[in-house]
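Remarks on the overall topology
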Amino acid sequence: MPPALDTNMRFKFSILALLLEVIMIVLSGIFVEYGDSGTSENLYSIFQDVHVMIFVGFGFLMTFLKKYGFSSVGINMLIAAFGLQWGTLMQGFWHMREGKIHVDIKSMINADFSTAAALISFGAVLGKTSPVQMLILTILEITIFACNEHLVTEILQATDVGASMTIHAFGAYFGLAVTLVLYRPGLKTEHENEESTYHSDIFAMIGTLFLWVFWPSFNSAIVTEKIYQNKAIVNTYYSLAACTVVTFALSSLVDERGKFSMVLIQNATLAGGVAVGTCADLPISTFAAMCIGSIAGIISVLGFRFLTPLLASKLNIQDTCGVHNLHGLPGILGGIASIVVTAITDKARHFTPGRQAAALGSTIGIALVGGALTGGILKLPFLGQASDQNCFDDSVYWEVPEEEKLHEIHSNNYDEHSRLETTM
C-alpha cells in the first residue's frame, strides 16, 4: 500500500517560499544594479503587453477545469512572480559586466520570457502537482532554460526572435518529460474533475483573447532594429489571423455533428503566433506568414483531436492542457520554417540552416533530459502532492467558498476504520 500523502502546506511551502525570496533579495543586493535606461521609453509599452500575457493570458487560459480556477490563476501568478526574479539572475549571469547584472526594460522582458517556459510546463502538469513542486520546477526549469537560451543565441548564433524553439518547444517538451515521470496510473481513466463547464470555458477564452491580441508584441519585443520589429509585428498579425480561420474550419470538420470545440478555439487559434515566432523578423512576406499560421492551425487541431489521446493511452503522457499541440508541435514547425527560410533566401543576415537545425535539436534534447531529471526530483513523496482522487480540485490547497464545495474532499490519509472493516 502506498504511503499517505500530506497536502498540508502550512510549514513546508511557507518556509520554502520565504527562504527562496530571501535568497532572491540577497543575490539581487549583491549582483543587480540599474542598467542603461536610454531605450526604456520605447520598450515599456511592449513590456506591458508581454507582462499582461504572462500574468493574465496564461493564467486565464488554464481556468478551463471546472474546479481548478483558483490554482490556475493563483499558481500562475506565483510562478511568474518568483520566476521573473530568478530569470533575471540566471539570464543576467551570462551577460555580467564588471561583476554586475544590469537591469532595464529589456532585461525585464527577457525575465518574463523565462517564466513563460515554466508556465507552459505548468500546463502539462496542471491539477496534478503541489505549490511546493511548482516552485522547485520553476527554479530548475528557468536555470536550464537560461543555459539553453545562451547556447542557442550566443554559441550557435541562431535566430529565434519569437522564441518558438527556446520558449515554446522547450517549455512543452520539458513539461511533457516531467508529466511522463510523474505518471499516475490512477488517472488513466478520465477523472471526474478533469472537465470544463460553460463558465470555466468562458474564463479560459478570456485568456486566449489576451494572448491573441498581444502576441505581435511578444514576437517583436526583443528585436533590436525598427525595420525588423515591424516585420515581426506584421508577420505575427497575419499568421494569427490565418491560423484562427483554419482552426474554426477544422474544428467543425473533425466533429461528427459539425460543431465547434471550445478546447480547439481556446488553444489552436494561438498556434500561428507560436509557429511564426522564430522567423518573424525575417523577410518572409505576409504570404509565407499566413501559410505558416494555417499549417500551425492544422497541426494543432489534429494534435488535440488524435495525438493527445494516443500519447495518454500508449506513452503514459498525461498532458492536461495539451501544451504539445499549442506549444510543442507549432514550436517545432517554427524551427523547421526558420531552416527553410534561411536556406532559400539571401536576406537572412548571417543565419544558416545548420545553425537553426542545431538550435532546434539541442533545445528539444535539453528540454527532455532536463524535464526527466526535474520530474525525478518532484517525485519525492514529501512535496505535498495530492492523491489521485483529489487531483484537479482547488480545495486541496485553497480556501474555497462553501457553496462551491459539492462534496467533501477525500482524505489523503487512509481511514483506519474502513481498513479494519475490510479485513473483517
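Look a little higher up for the structure.
Residues numbered from 1 in each chain as written. Predicted model: local features only at pLDDT ≥ 70, side-chain atom pairs only at ≥ 80, totals over all residues. Heavy atoms only, no water.

1. What to know about the side chain of Ser72
Basically, it comes down to this: A run of DSSP states H or I qualifies as a helix once it reaches four residues; a run of E qualifies as a strand once it reaches two. Both are numbered from the N-terminal end. Counted as a polar contact is a pair of N or O atoms within 3.5 Å, where, for protein atoms, one must be capable of donating a hydrogen and the other of accepting one, and residues adjacent in sequence contribute only when both atoms are in side chains. The contact rule is simple, with two residues in contact once any of their heavy atoms fall within 4.5 Å.
By the secondary structure assignment, Ser72 is in helix H3 (residues 69-92). A polar atom in the side chain of Ser72 sits 2.6 Å from the backbone oxygen of Met62. Apart from residues no more than four positions distant in its own chain, Ser72 is found in contact with Gly59, Met62, Thr63, Phe122 and Leu126.

2. Quick look at the nonpolar core
The criterion, for reference: The set of buried Ala, Val, Leu, Ile, Met, Phe, Trp, Tyr and Cys residues whose side-chain atoms join them within 4.5 Å is what this entry labels a nonpolar core. Burial classification: accessible surface area is computed with a 1.4 Å probe over protein chains only, and a residue below 20% of its type maximum counts as buried, one above 50% as exposed, and the rest as partly exposed.
Residues Ile109, Leu126, Ile167 and Trp215 are the most contacted members of the largest nonpolar core, which totals 73 residues. When contributions to this core are tallied by element, the ones reaching two or more residues are helix H2 (40-61), H3, helix H4 (105-124), helix H5 (131-155), helix H6 (164-181), helix H7 (198-220), helix H12 (323-344) and helix H13 (353-378). Per-element accounting of this core gives the leading share, 10 residues, to H4. Setting aside residues no more than four positions away along its own chain, Leu126 makes contact with Met62, Phe64, Leu65, Tyr68, Ser72, Thr320, Cys321 and Phe392. In this structure, Cys243, Ile284, Ala337 and Phe351 belong to the second largest nonpolar core, which totals 14 residues.

3. A short note on empty space enclosed by the protein
We apply this condition: A cavity here means a set of 1 Å grid points, computed over protein atoms only, where a 1.4 Å probe fits but cannot escape. A pocket is an open set with protein on both sides within 12 Å along at least 5 of 7 lines, and lining residues have an atom within 4 Å of a point. Grid points are joined across faces, edges and corners, and a volume is the space filled by probe spheres set on the points. Any residue that is not Ala, Val, Leu, Ile, Met, Phe, Trp, Tyr, Cys, Pro, Asp, Glu, Lys or Arg is counted as polar, Gly included; the first ten are nonpolar and the last four charged.
Scanning the model with the defined rule gives three cavities of 30 Å³ or more in all. The volume enclosed by the largest cavity comes to roughly 100 Å³. Considering the residues around the largest cavity, the lining is formed by Phe58, Leu61, Met62, Phe64, Leu119, Ile120, Gly123, Asn267, Cys321, Val323, Leu326 and His327. At the level of elements, H2, H4 and H12 are the ones that each hand at least two residues to the lining of the largest cavity. Among the residues forming the lining of the largest cavity, the class breakdown is nine nonpolar, three polar and no charged.

4. Describing the packing of aromatic side chains
Threshold: Pairing of aromatic rings covers Phe, Tyr and Trp, the last through its six-membered ring, and needs centres within 6.5 Å; plane angles under 30 degrees mean stacked, over 60 mean edge-to-face, and all others mean tilted.
Using the criterion set out here, one finds 11 aromatic pairs in the structure. On the numbers, 6.0 Å between centres and 65° between planes, the contact of Phe145 with Phe170 is edge-to-face. Of this pair, Phe145 sits in helix H5 while Phe170 sits in helix H6, and the two are 25 residues apart along the sequence. With respect to class, Phe145 is no different from Phe170; both count as buried. Taken together, Phe113, Trp215 and Phe218 form an aromatic cluster joined through their ring pairs.

5. What to know about the environment of Ala177
Looking at the element boundaries, Ala177 is found in helix H6. Between the C-alpha atom of Ala177 and that of Met205, which follows or precedes it by 28 residues, the distance is 27 Å. In this view, Ala177 contacts Ala367, Leu368, Gly371 and Ala372; residues no more than four positions away in its chain are not counted.

6. Observations concerning the state of the cysteines
Covalent bonding between the sulfur atoms of two cysteines is what defines a disulfide. Stated precisely, the cut-off is as follows: The definition used for a disulfide is geometric: two cysteine sulfur atoms within 2.5 Å.
For the structure shown, the criterion picks out zero disulfides. Summary of cysteine pairing: Cys243 is not part of a disulfide, and the nearest cysteine sulfur, belonging to Cys291, is at 13 Å. Cysteine Cys279 remains unbridged, with the sulfur of Cys291 as its closest cysteine sulfur at 12 Å. Here Cys279 falls in the buried class, since its relative accessible area comes to 0%.

7. Describing the packing of H4 against H6
The following threshold applies: In this analysis an axis means a line fitted to C-alpha atoms, helices contributing only their contacting stretch, and an angle means the value between N-to-C directions, from 0 to 180 degrees. Rotating anticlockwise by less than a right angle from the far helix to the near helix defines a left-handed crossing, while the corresponding clockwise rotation defines a right-handed one.
The contact between H4 and H6 brings their axes to 7 Å, and the two run at 35°. You can see that H4 and H6 cross each other, and the crossing is right-handed. Contact with H4, carried on its side by Phe113, Ala116, Ala117, Ile120, Ser121 and Ala124, involves Ile167, His168, Phe170, Gly171, Ala172, Phe174, Gly175, Leu176 and Thr179 of H6 and no other residues of that element. Looking at the contact of H4 with H6, its residues break down into 10 nonpolar, five polar and no charged.

8. Things to note about the side chain of Thr342
Secondary-structure assignment places Thr342 in helix H12. A polar contact of 2.8 Å, which involves the side chain of Thr342, links it to the backbone oxygen of Ser338. A polar side-chain atom of Thr342 sits 3.1 Å from the main-chain carbonyl oxygen of Ile339.

9. A word on the packing of helix H11 (residues 285-314) against H12
When two helices pack together, their arrangement is given by the angle between their axes and by how far apart the axes lie. Worth spelling out the cut-off: The labels follow the angle: roughly parallel below 35 degrees, roughly antiparallel above 145, roughly perpendicular from 65 to 115, and oblique for the rest.
Where H11 contacts H12, the two axes come as close as 8 Å, and the packing angle between them is 135°. As judged from the angle between their axes, H11 and H12 are oblique. For the pair H11 and H12, the crossing hand works out as right-handed. Side by side, H11 and H12 meet where Ile292, Ile295, Ala296, Ile299, Ser300, Gly303, Phe304, Leu307, Thr308 and Leu311 of the first sit next to His324, Asn325, Leu326, Leu329, Leu333 and Ala337 of the second.

10. Section: the layout of surface pockets
Estimates place the volume of the largest pocket at around 1000 Å³. If you go around the largest pocket, you meet 38 residues; those closest to its centre are His95, Lys106, Asn110, Glu154 and Ile222. No other element matches H5, which puts five residues into the lining of the largest pocket. Taken as a whole, the second largest pocket holds about 850 Å³ of empty space. Along the walls of the second largest pocket sit 32 residues, with Glu194, Phe304, Thr308, Asp319 and Thr320 positioned nearest its centre. Elements supplying a minimum of two residues to the lining of the second largest pocket: helix H9 (262-267) and H11. No other element matches the six residues that H11 contributes to the lining of the second largest pocket. Its residues assigned to classes, the lining of the second largest pocket comprises 12 nonpolar, 12 polar and eight charged.

11. Thoughts on a nonpolar patch on the surface
Filter applied, for reference: To count toward a patch, a residue needs a relative accessible area over 30% and no salt bridge; like charges are then connected within 9 Å, while nonpolar side chains (Val, Leu, Ile, Met, Phe, Trp, Tyr) are connected within 5 Å. Methods summary: accessible areas were calculated by the Shrake-Rupley approach with a probe of 1.4 Å, and residue burial reflects only the protein chains presented. Every case where a carboxyl oxygen of Asp or Glu lies within 4 Å of a side-chain nitrogen of Lys or Arg is listed as a salt bridge.
Residues Tyr198, Ile202, Phe203, Ile206, Phe210 and Met262 make up a contiguous nonpolar surface patch of about 570 Å² in total accessible area. In terms of residue count, H7 provides more of the nonpolar patch than any other element does, five residues in total. Along the chain, Met262 falls in helix H9. The class of Met262 is partly exposed, set by a relative accessible area of 30%.

In short, the description is geometric, and any link to function would need to be established separately.
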